[in-house]
Amino acid sequence: MDRGKKPTTFFANRNNKIYMDLKDIIRENTLRYLPAKSLRRCTSVCREWKLYISTPFFAHSQSNSFHDLSGFYCQSHSSQPSFISLDPIAYGVPDPSLKFLPEPVDIRCSSNGLLCCQGRTGYKAYYICNPVIQQWKKLPKPDANHGCDPALVLVFEPSLLNFVADYKLICAFQSDLDGYEFDIYSSAEGSWRTSGEICFGNRQIVPSTGVHVDGIVYWQSRSTIVAFDLTSERSTLIYSYSSGSLGKVNGKLCSASIQGSKLTIAELSNPYTNTMQMHSKTRAWSVKNVTLNDSVFAGQTDQKSVLFIGGKIVVIRLGSTLISYDTRTNDIKQLATEVDYDPRMIPYVNSLVEV
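An unreviewed UniProt entry annotates the protein as F-box protein At3g26010-like beta-propeller domain-containing protein originating from Hevea brasiliensis.

Draft legend 1. Just the sheet that holds strand β7 (residues 151-156), in detail. Strand order in the open sheet made by the four strands is β7-β8-β9-β10, with antiparallel pairing throughout. Only two strands of the sheet have a single partner each, and these edge strands are β7 and β10 (191-200). Averaged over all pairs of adjacent strands, the angle between strand axes in this sheet comes to 20 degrees, irrespective of strand direction. Judged from the six bridges that link them, β7 and strand β8 (residues 167-175) form a sheet pairing that is antiparallel. Residue Val155 lies in a different strand from β8, and its bridge partner there is Lys168.

Draft legend 2. How the structure looks around the pattern of salt bridges. Here the structure, examined in full by the defined rule, presents nine salt bridges. Two residues, Glu28 and Arg27, come together in a salt bridge whose shortest N-O distance is 2.9 Å. In this structure Arg27 comes out as buried when scored by relative accessible area, which is 13%. One continuous salt-bridge network, built from bridges that share partners, spans Arg27, Glu28 and Glu48.

Draft legend 3. Spotlight on the packing of aromatic side chains. All told, the structure shown has 13 aromatic pairs when counted by the stated rule. Between Phe57 and Phe163, the aromatic rings sit 6.4 Å apart at their centres with planes inclined by 35 degrees, giving tilted as the arrangement. Here Phe57, found in helix α4 (residues 56-65), pairs with Phe163, found in the loop between β7 and β8; they are 106 residues apart in sequence, far enough to count as distant. A relative accessible area of 52% means that Phe163 is categorised as exposed. Plain terms: the ring middles of Tyr185 and Trp192 are 5.6 Å apart, the flat faces sit at 55 degrees to each other, and that makes the pair tilted. Of the two residues, Tyr185 and Trp192, neither departs from the other in class, the shared state being buried. Among the aromatic residues, those joined into a cluster by ring pairs are Tyr126, Tyr167, Tyr185 and Trp192. Over the ring of Tyr52 we find Arg27, and its NZ or CZ is 5.4 Å from the ring centre.

Parameters at a glance
Residues numbered from 1 in each chain as written. Predicted model: local features only at pLDDT ≥ 70, side-chain atom pairs only at ≥ 80, totals over all residues. Heavy atoms only, no water. Pairing = 2+ DSSP bridges. Helix = DSSP H or I, 4+ residues; strand = E, 2+ residues; numbered from the N terminus. Axes fitted to C-alpha atoms, helices over the stretch in contact; angles between N-to-C directions. Salt bridge = Lys/Arg side-chain N within 4 Å of Asp/Glu carboxyl O. Buried < 20%, exposed > 50% of the residue type's maximum accessible area, 1.4 Å probe, protein only. Phe/Tyr/Trp six-rings, centres within 6.5 Å; stacked < 30°, edge-to-face > 60°. Lys NZ or Arg CZ within 6 Å of the ring centre and 35° of its normal.

Take a look at the structure:
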């Protein structure tokens, strides 16, 4: 007699993600993609979220997941730093003036949530800090003389494998041998080291123009760009398309300038044209011109200049007003008014990265 098969009983695993509450799904899959200011508001949702967001593991995860440009630190020669947010509701810092640092500072450069600042007293020490969590580290004094306005570039690329921020600070300084040398600080080694490379020639690097793109650091120098490869520690000179602002767009070096209402963006498509045979038709730069058809530019005779280009954002100084232009949506909006002449614009990412 066939008794048949007994029905099989399935026991569902209640820990499976399909049974997670909505707040748990958001916590595990969404929070790390939010900027630091928004996360501060999220801590009031519940005690569980507050504890989760405050863990070092979450700070590490967020710094690897969130990379959007959040705003700019703006500072002129004698003023205190201020912060200009691209979206005041989403992005911000608790103390834009950086008073948590042990002395007044000048902001020199930034990279993925970290700022490099230089003190105004004593031997003018360098500080690496994150203004969101107000952590900072004072770097040892370099042996080389970097000058009163050092040409610095901070290089920090977040990595899932490194729970401690691993960064480098590169300074191009004038050599006694008629050229530029390169000083490198490594957080992993905790010390400065002067490269054996010298970029010979009588040229003047513009300190605030430094930018890092794919392992190479670039500085504007009149009609040429000085490039320093961090892997080979070799320098080269690249013909500059214009004397505009240097930045990183889509993983490539770009230069942006403006004349009237015409914005010119040049992308370095081939940095090796100086090594090619004569009469080669290969061009180093690919150029795109954009006419800014907006009432803010109509009839304006004030001096215009590009202060920043990076990602999809271009910041233009129009007299004493700062304007942002989105290259993807073509949106133009006013960021700030009555700014000091020729302010230094330092891009910032609203990250929880720990120093």
